[in-house]
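If you want the building blocks of each chain, they are given just below.
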Amino acid sequence: MIRGVDWGQRLEMAAAWLLAFLWAAPLLYAAWAAFHPMDFVSRFDLTAPLTLDNFRSAWKVAPFARYFLNTFMLVCMTLTGQLILCTLAAYAFARFEFPGKDIAFILVLVQIMIMPDVLIVQNYLTTSRLGLVDTILGIGLPYMGSAFGIFLLRQAFKQVPRELEDAARVEGAGWFSILLKVYVPLARPTYLAYGLVSVSYHWNNFLWPVVITNSTTTRPLTVGLSIFGAPESGVNFSVISAGTLLAVSPLLIAFLLFQRQFVQSFMRSGIK
Amino acid sequence: MYLNSKTARWVYAWLLLLPAAVLMVAFTHFPIVGGFFLSFFSTARQGRPSKFVGLDNYTYMLNDPVFWQVLGNNFLYALGTIPVSVCLALLMAVWVNGRLAGRAIVRTSYFTPTILPMIAVANIWLFFYTPQIGLLDKIRSLFGLASHSWLGDPGTALACLMVLAIWKDAGFFMIFYLAALQGISPELEEAAVIEGAGRWYFFRRVTLPLLMPTTLFVVVNATINSFKLVDHIFILTKGGPDNATSLLLYYIYEVAFSFWDTAYASTLTVVLLVILGGLAVTQFAYIEKRVHYQ
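Please read all numbers here as calculations on a predicted model, not as lab measurements.

Participant: Explain the overall build of chain A to me, using residue names and the numbers behind them.
Facilitator: Scanning chain A for helices and strands turns up 14 helices and 0 strands. Each helix and strand of chain A, placed in order from N terminus to C terminus, yields the pattern α-α-α-α-α-α-α-α-α-α-α-α-α-α. Split into buried and exposed, the 272 residues of chain A put 45% on the buried side. The long-range share in chain A, meaning contacts at least 24 apart out of those at least 6 apart in sequence, stands at 77%.

Here's what the structure looks like:
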């Protein structure tokens, strides 16, 4: 626009900023409440004293250290399982012809749409038959055969030029070393994208963990947070905010540092 | 290891596939089939083993007022959240894609709710909605309005959940629009400017149609989400008051793990799967298209 002041554009800019403020407000507000005494929870006084007491009480009221450990183990275990199993399966789909391939692939697509999240009733029965109720493995196991991971890696492997594979074979590489030396390194961006999406998904997942866990030694952060934040717990809002910030901070900080990778990973993955 | 014979390659491929396939079948396909099967049986209770009851569970479901209420809630919830969050997502994407001062900060702000756990944000929002001491009532009291039990009133409780869901999802959907917008050739806009087309006209006649596949993708995903994500109910309302905020999956959870009626929960799951299956068909049509054009 050549005309000096474009009021329409200014108005739009103001609206964009207002919306950004509204979207950031809940988290900023939680931070305000967490770092100030309870008296200032809805009094916005810039001279209010800062305090870490809420974090101390939150840490004391709930076994956060244990919840962190549980979530950390859950996320690592699930991701490791997913990466290994999906790599192998994706390789089969991308580079082999075998009877039943089409049917197998349709079955993979079924799981992309109907994730284990909605099958809590039957999966609870299965997990209890396996004796895995209230174990961290029990939380992660249903997600390890991830159709979504297979789908993404298959796409990535298919884009690897055949010539590279042929060259490796001429040098005497077998199928498995071709997978490890040619396909896996070239699919690195896909691994990163899938890893970030998987970690954020399982860090945040709640429904299945709440169904399958019932003790402090297995509960991930989200489940611990739901008990801690319940009105029955009698904890005040400042302490709840502090606990909530504690629980989200690792992922939130990682996101703020590696924002581009996060956004691109979610974009690339298409489906959360 | 050289695998030259055809059979050896088949075996090798199936061995690669096997570990993932076993887990997928065990936790996805078997539960789908098993749940369908179980919906024709009664739940085993003390002293009474499970027995075949035909369509009894389905008859019970059709006469269960809570089922109808929950289903109605879920459609209302989908209808109330999806159009708003998709429109906001588009608006956000257009703004963030344009020349906006402080673009990076605005984009971060829009996207951040996406990576936070629903449970955590529900904890924060619970306080907003708390009567009297909550932030919403504090703001209202500035204008002399009376306090209101937002989550305790069946008339406003579901709307409270919807607002939270919109806030949580809009930024996630934004990134898909952003990707699509960045794929639109700038020459189109240049040409339109030369032709004298206004910004709004260009958006309506060129941008919007080009974004149609993205919109379809986003809408289907938003619909799936509205049937799949019920975490916030656990914190905010537990389905109450009087089931006014219970959604289908939350009701399934209650029936299965509070009332321990596995057979009826399986019957309800069949309904949920039929809904998700219908959405899946729409989605696959789209994925296929995308794969072909790549």
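Participant: Outline the overall build of chain B, supporting the account with residue identities and numerical values.
Facilitator: From N to C terminus, chain B includes 13 helices and 0 strands. Start at the N end of chain B and walk to the C end: the helices and strands fall as α-α-α-α-α-α-α-α-α-α-α-α-α. Here chain B has a C-alpha radius of gyration of 24 Å; the compact-globule value for 294 residues is 19 Å, and the former is much larger. Along the first, second and third principal axes, the C-alpha set of chain B runs to 80 × 80 × 35 Å.

Participant: Talk me through the environment of Leu137 of chain A; I want residue IDs and the actual numbers.
Facilitator: Residues and elements named next belong to chain A. Mapped onto the secondary structure, Leu137 falls in helix α6 (residues 136-144). Judged by the 16 C-beta atoms lying within 10 Å of it, Leu137 is partly exposed. Taking C-alpha positions, Leu137 is 8.2 Å from Thr78, a pair spaced 59 residues apart along the chain. In contact with Leu137, other than residues within four places in its own chain, are Met77 and Leu132.

Participant: An account of the nonpolar core is needed here, citing residue identities and associated values.
Facilitator: Ranked by size, the top nonpolar core spans 162 residues in total, and within it Ala89 of chain A together with Ala89, Met174 and Ile252 of chain B carry the most contacts. Looking at which element gives the most residues to this core, the answer is helix α7 (residues 154-182) of chain B, with 16 residues. Two domains each donate at least three residues to this core, and these are domain 1 (7-51) and domain 2 (64-269) of chain A. In this structure, Ala89 of chain A is in contact with Ile150 of chain A together with Leu16, Leu17 and Ala20 of chain B, ignoring residues within four places of it in sequence.

Participant: If you had to explain helix α8 (residues 186-194) of chain B to someone new, which residues and values would you point to?
Facilitator: Counting buried residues in α8 of chain B gives 0 out of 9 residues, a small share hidden from the surface. Remark: Gly196 of chain B follows α8 of chain B within two positions and exhibits a positive phi of approximately 85°.

Participant: Please provide a residue-by-residue account of the packing of helix α3 (residues 64-95) of chain A against helix α10 (residues 188-204) of chain A, values included.
Facilitator: Residues and elements named next belong to chain A. The N-to-C vectors of α3 and α10 enclose an angle of 140°; their axes lie 9 Å apart at closest approach. The orientation of α3 with respect to α10, classified from their angle, is oblique. Between α3 and α10 lies a crossing of right-handed hand. Contact residues: α3 offers Thr71, Leu74, Val75, Thr78, Leu79 and Gln82, while α10 offers Gly195, Ser198, Val199, His202 and Trp203.

Participant: A description of the environment of Leu245 of chain A should follow, citing residues and the corresponding values.
Facilitator: With respect to the helices and strands, Leu245 of chain A occurs in helix α13 (residues 237-257). Setting aside chain neighbours within four positions, we find Leu245 of chain A in contact with Ala30, Ala31 and Ala34 of chain A.

Participant: Describe the packing of helix α4 (residues 101-113) of chain A against helix α1 (residues 6-38) of chain B, with residues and values.
Facilitator: Where α4 of chain A meets α1 of chain B, the axes come as close as 11 Å, and the angle between the chain directions of the two elements is 50°. The pairing of α4 of chain A with α1 of chain B is recorded here as oblique in orientation. When the axes of α4 of chain A and α1 of chain B are compared, the crossing they make is left-handed. Judged by residue contacts, Ala104, Leu107, Val110 and Gln111 of chain A of α4 of chain A engage Leu17, Ala21, Met24, Thr28 and His29 of chain B from α1 of chain B. A class-by-class count of the residues in the contact of α4 of chain A with α1 of chain B yields 6 nonpolar, 3 polar and no charged.

Participant: Any details on the domain arrangement of chain A? Residues and values, ideally.
Facilitator: All names here are of chain A. Taken domain by domain, chain A comprises domain 1 (7-51) and domain 2 (64-269). Each of domain 1 and domain 2 has a C-alpha centre, and the two are 34 Å apart. Residue-level contacts link 7 residues of domain 1 with 7 residues of domain 2. Broken down by class, the residue content of the side of domain 1 that touches domain 2 amounts to 6 nonpolar, 1 polar and no charged.

Thresholds applied
Residues numbered from 1 in each chain as written. Chains lettered and ligands numbered in written order. Predicted model: local features only at pLDDT ≥ 70, side-chain atom pairs only at ≥ 80, totals over all residues. Helix = DSSP H or I, 4+ residues; strand = E, 2+ residues; numbered from the N terminus. Buried ≥ 20, exposed ≤ 12 C-beta atoms within 10 Å, placed from the backbone. Contact = placed C-beta atoms within 7 Å. Rg over C-alpha atoms; globule rule 2.2 N^0.38 Å. Core = buried A, V, L, I, M, F, W, Y, C linked by C-beta atoms within 7 Å. Domains from an automatic or database assignment. Axes fitted to C-alpha atoms, helices over the stretch in contact; angles between N-to-C directions. Parallel < 35°, antiparallel > 145°, perpendicular 65-115°, else oblique. Left-handed = near helix turned anticlockwise from the far one by under 90°. Nonpolar A, V, L, I, M, F, W, Y, C, P; charged D, E, K, R; others polar.

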